[in-house]
Amino acid sequence: MQLPIELKFIRQGAVFYMVDRRLSSTEPHYFIVLNRDPYGDKLLLLAVASSQVEKVRARRKRKSLPPETVVEISPSDYQDFKVDSCVNCNTVFTKSLVELADQWKRKEIRGQADLGDTILQQLITGIMASPMIPEEEKKLVSDC
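J.: Can you help me understand the environment of I73 in this one?
T.: In this structure, I73 sits in strand 4 (residues 70–73). Overall, the relative accessible area of 2% leaves I73 in the buried class. Not counting chain neighbours up to four residues away, the residues in contact with I73 comprise Y78, F81, V83, D84, S85, C86, V87 and I119.

See the structure below:
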């Protein structure tokens with residue numbers, strides 16, 4: 001597979017800003033790569049950030065999901081965020097590396113700064129704690 005040079009070194013915690021048709025919003029969102037070995041896995045697992053923090057919190061409570069499955073991130077935690085945001089670790093998106101590369105070539109994706117280790121570890125903890133994420137996907141995120 002011929003990848004653009006910018007994607008050859010993709011790693012856990014990489015962030016991309018893009019539109020995804022599976023979201024109800026047509027606005028771009030920040031997607032975070034969760035895979036330990038994104039280049040070696042068949043599918044990328046992507047978490048999406050939302051600025052609708054209260055709605056995501058309420059949904060988590062309504063579904064009685066563990067509190068650590070919603071990770072809140074402020075602009076002081078991650079330099080590319082302009083507003084308080086959160087990641088719902090009970091939902092992940094999948095995308096093949098080929099599909100990501102095609103979107104990159106069409107300039108539909110913008111690379112962002114990688115997440116810091118602290119927030120990345122909170123996301124991994126949230127994914128592992130989620131009863132909604134299948135075990136085979138959890139194995140792609142953490143070797144625990």
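After that view of the structure, there is still more to cover.
J.: Before we go on, may I ask you to explain the pattern of salt bridges in this structure?
T.: When the charged atoms of two side chains with opposite charge come close together, those side chains can pair. Following the criterion strictly, the structure yields 8 salt bridges and no others. Residue R57 pairs with E72 through a salt bridge whose shortest N-O separation is 2.6 Å. Taken together, the residues span a long stretch of sequence, with R57 in helix 1 (residues 53–62) and E72 in strand 4 at a distance of 15 residues. Look at R57 and you get partly exposed, because its relative accessible area is 29%. Classification of E72 by relative accessible area gives partly exposed; the value is 37%. Salt-bridge contacts for K95 lead to E99; the nearest nitrogen and oxygen are separated by 3.5 Å. Given a relative accessible area of 2%, K95 falls into the buried group. Residues joined in a network through salt bridges with shared partners are D20, R22, K95 and E99.

Procedures and definitions
- Residues numbered from 1 in each chain as written.
- Predicted model: local features only at pLDDT ≥ 70, side-chain atom pairs only at ≥ 80, totals over all residues.
- Heavy atoms only, no water.
- Helix = DSSP H or I, 4+ residues; strand = E, 2+ residues; numbered from the N terminus.
- Buried < 20%, exposed > 50% of the residue type's maximum accessible area, 1.4 Å probe, protein only.
- Contact = heavy atoms within 4.5 Å.
- Salt bridge = Lys/Arg side-chain N within 4 Å of Asp/Glu carboxyl O.

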